[in-house]
Amino acid sequence: MPHYEPWSDERARAVIEEFSHLEGPLMPMLHAVQETFGHVPDAVVPMLAEMLNISRAEVHGVVTFYHDFRHEPAGHHVLKLCRAEACQAAGGDALADHAEHRLGCKLGETTADGRVTVEPIYCLGLCATAPSAMLDGKIVARLNERRLDALIAEAQS
């Protein structure tokens, strides 16, 4: 279960500076910020732009282009449901509806108790064993309602 740190300018600078030696460090920096704070806060955008000598618009463009970057902290558990074509064709739409009903929130939202964030993901690379999902980084293939219910129960415990 992830534990996120409260926002701090000093901590954010320390996190991003760890990657300043890399060529093309923006993506690793953004991932590290999200792992630390649970999301990519708006306040980090000017820090990154200044450190990398790029515009705020360029940083913002990367953050908003990639679906994996959050604008709000995630719940204690993150359930990602594949929404790519192969998973949809194998019953993914019905499973997404089932998850939304069971959790009481839509894709891209967090349950009222803050336990589970359910997110769409656009391909886990498991097309031959679709539909698929990921709970806290653990991939599950050949997803069905029973398996999905087990994942939801695990996340809610």
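Below, the structure is looked at part by part. (Residues numbered from 1 in each chain as written. Predicted model: local features only at pLDDT ≥ 70, side-chain atom pairs only at ≥ 80, totals over all residues. Heavy atoms only, no water.)

### Digging into empty space enclosed by the protein
Here is step 1 of the chain: For the coordinates displayed, the defined rule picks out one cavity of 30 Å³ or more.
Here is step 2 of the chain: Quantified by volume, the largest cavity comes out at close to 40 Å³.
Here is step 3 of the chain: Taken together, Leu81, Cys82, Arg83, Gly92, Leu95, Ala96, Pro131, Ser132 and Leu143 make up the lining of the largest cavity.
Here is step 4 of the chain: Every element with two or more residues in the lining of the largest cavity is listed here: strand S1 (77-82) and helix H5 (85-103).
Here is step 5 of the chain: Per element, the largest residue contribution to the lining of the largest cavity is three residues, and it comes from H5.
Here is step 6 of the chain: Here the residues of the lining of the largest cavity are counted per class, giving six nonpolar, two polar and one charged. (1 Å grid on protein atoms, 1.4 Å probe; cavity = no way out; pocket = protein on both sides within 12 Å on 5 of 7 lines; lining within 4 Å. Points joined across faces, edges and corners; volume = space filled by probe spheres on them. Helix = DSSP H or I, 4+ residues; strand = E, 2+ residues; numbered from the N terminus. Nonpolar A, V, L, I, M, F, W, Y, C, P; charged D, E, K, R; others polar.)

### A look at the sheet that holds strand S5 (residues 138-140)
Here is step 1 of the chain: The sheet built from five strands is open, its strands ordered S2-S3-S1-S4-S5 with mixed pairing. The sheet is open, and its two edges are formed by strand S2 (109-110) and S5, each paired on a single side.
Here is step 2 of the chain: Both S1 and strand S3 (residues 116-121) contribute to a ladder of six bridges, which runs parallel. Bridge assignment links Lys80 to a residue of S3, and that residue is Glu119.
Here is step 3 of the chain: Along the sheet face, H5 touches S1 and S3 and points at about 150° away from the line of S1.
Here is step 4 of the chain: Across the sheet, helix H6 (residues 145-156) touches S1, S3, strand S4 (133-135) and S5, and the angle it forms with S1 is around 160°. (Pairing = 2+ DSSP bridges. Contact = heavy atoms within 4.5 Å. Axes fitted to C-alpha atoms, helices over the stretch in contact; angles between N-to-C directions.)

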